[in-house]
Structure formats: C-alpha cells, structure tokens
Amino acid sequence: MRELYLVIAYDTPDDRRRARLAKLLKGFGERRQCSVFEARLPRAQWAHLKGKLEDVLAVYFLPPEAVGRTWRIGHEGLKRLEDPDFV
C-alpha cells in the first residue's frame, strides 16, 4: 500500500473551529505551524480523515521524492508510519 504525503493548511477566524481542526489533525499528522500540518498517511487513513473534515481546507499531496528534498528549520523530520508516536 502506497502512503500519501500531505501538507494540510487552514485559515479560519473562528477560534473554536480552529481549535477543533487542530485537535483533529494532531491525531493524523505533525504540526509545522499554527495552522499547518504535515502527514504521511495510508489511503484508508486519508479517507477517514477526509470524512471528518467539516471545513474547506487546502491539502497538498506531495510525491514521496519531494519529502526527501524538504528543508526544515527547527523541526525534526516527518516520522515514518512504522515509528511509534509514543515511548
């Protein structure tokens, strides 16, 4: 199964909606800025997340080779799906 690499960005003036989106996306990806998340998801997980999104968001799908060329300042690299999020 091929995983998808995504950059998910949103902009809303509503604090409650913004907090709800951040909480939802935190379960699927890693926060890169206040309203920007980066994720590596299998297609089934993306379908699940897509079904939960209530607002219009910008989601950019990146080819796997683009992730390897991503330059990050002040952030660790994106975790692999096989790496646990807890110790």
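Attention in this report is confined to the structure presented alongside it.

Thresholds, definitions, all that
Residues numbered from 1 in each chain as written. Predicted model: local features only at pLDDT ≥ 70, side-chain atom pairs only at ≥ 80, totals over all residues. Heavy atoms only, no water. Salt bridge = Lys/Arg side-chain N within 4 Å of Asp/Glu carboxyl O. Buried < 20%, exposed > 50% of the residue type's maximum accessible area, 1.4 Å probe, protein only. Phe/Tyr/Trp six-rings, centres within 6.5 Å; stacked < 30°, edge-to-face > 60°. Helix = DSSP H or I, 4+ residues; strand = E, 2+ residues; numbered from the N terminus. Core = buried A, V, L, I, M, F, W, Y, C linked by side-chain atoms within 4.5 Å. Expected span 1.5 Å × (residues − 1). Arc of directions from axis to C-beta. Pairing = 2+ DSSP bridges. Axes fitted to C-alpha atoms, helices over the stretch in contact; angles between N-to-C directions. Contact = heavy atoms within 4.5 Å.

1. Thoughts on the pattern of salt bridges
Phase 1: Scanning the entire structure with this criterion turns up 4 salt bridges.
Phase 2: A salt bridge links Arg 32 to Glu 30, with the nearest nitrogen and oxygen atoms 3.5 Å apart.
Phase 3: With a relative accessible area of 15%, Arg 32 lands in the buried category.
Phase 4: Salt-bridge contacts for Glu 38 lead to Arg 32; the nearest nitrogen and oxygen are separated by 2.6 Å. The exposure classification of Glu 38 matches that of Arg 32, with both residues buried.
Phase 5: Linked by salt bridges that have partners in common, Glu 30, Arg 32 and Glu 38 make up one network.

2. Points about the packing of aromatic side chains
Phase 1: Under the definition given, this model contains 1 aromatic pair.
Phase 2: Where Tyr 10 meets Phe 37, the ring centres are 6.5 Å apart and the plane angle is 20 degrees; that geometry is what we call stacked. In this pair, Tyr 10 is assigned in the loop between strand 1 (3–9) and helix 1 (15–26) and Phe 37 in strand 3 (residues 36–42), connecting sequence segments 27 residues apart.

3. Considerations on the nonpolar core
Phase 1: Counting 15 residues, the largest nonpolar core has Leu 6, Tyr 10, Leu 25, Leu 41 and Leu 49 as its most contacted members.
Phase 2: Every element with two or more residues in this core is listed here: strand 1, helix 1, strand 3 and helix 2 (43–52).

4. What about helix 1?
Phase 1: Look at helix 1: 16 Å from first C-alpha to last across 12 residues, which is about the 16 Å you get at 1.5 Å a residue.
Phase 2: Those residues of helix 1 that fall on the buried side of the exposure criterion are Leu 21, Ala 22 and Leu 25. Taken end-on, helix 1 shows its buried residues confined to a sector of 100 degrees, consistent with a single buried face. Exposed residues pointing more than 90 degrees away from the buried face of helix 1 are listed as Arg 16 and Lys 23.

5. Here we look at the sheet that holds strand 4 (residues 58–62)
Phase 1: One open sheet accounts for 4 strands, arranged 2-3-1-4; its pairing is antiparallel. Looking along the sheet, the strands with just one partner apiece sit at the ends: strand 2 (30–33) and strand 4. On average, each strand axis in the sheet is inclined to that of its neighbour by 25 degrees, with strand direction left out of account.
Phase 2: Sheet strands touched by helix 2: strand 1, strand 3 and strand 4. Its angle to strand 3, the strand with the most contacts, is close to 130 degrees.

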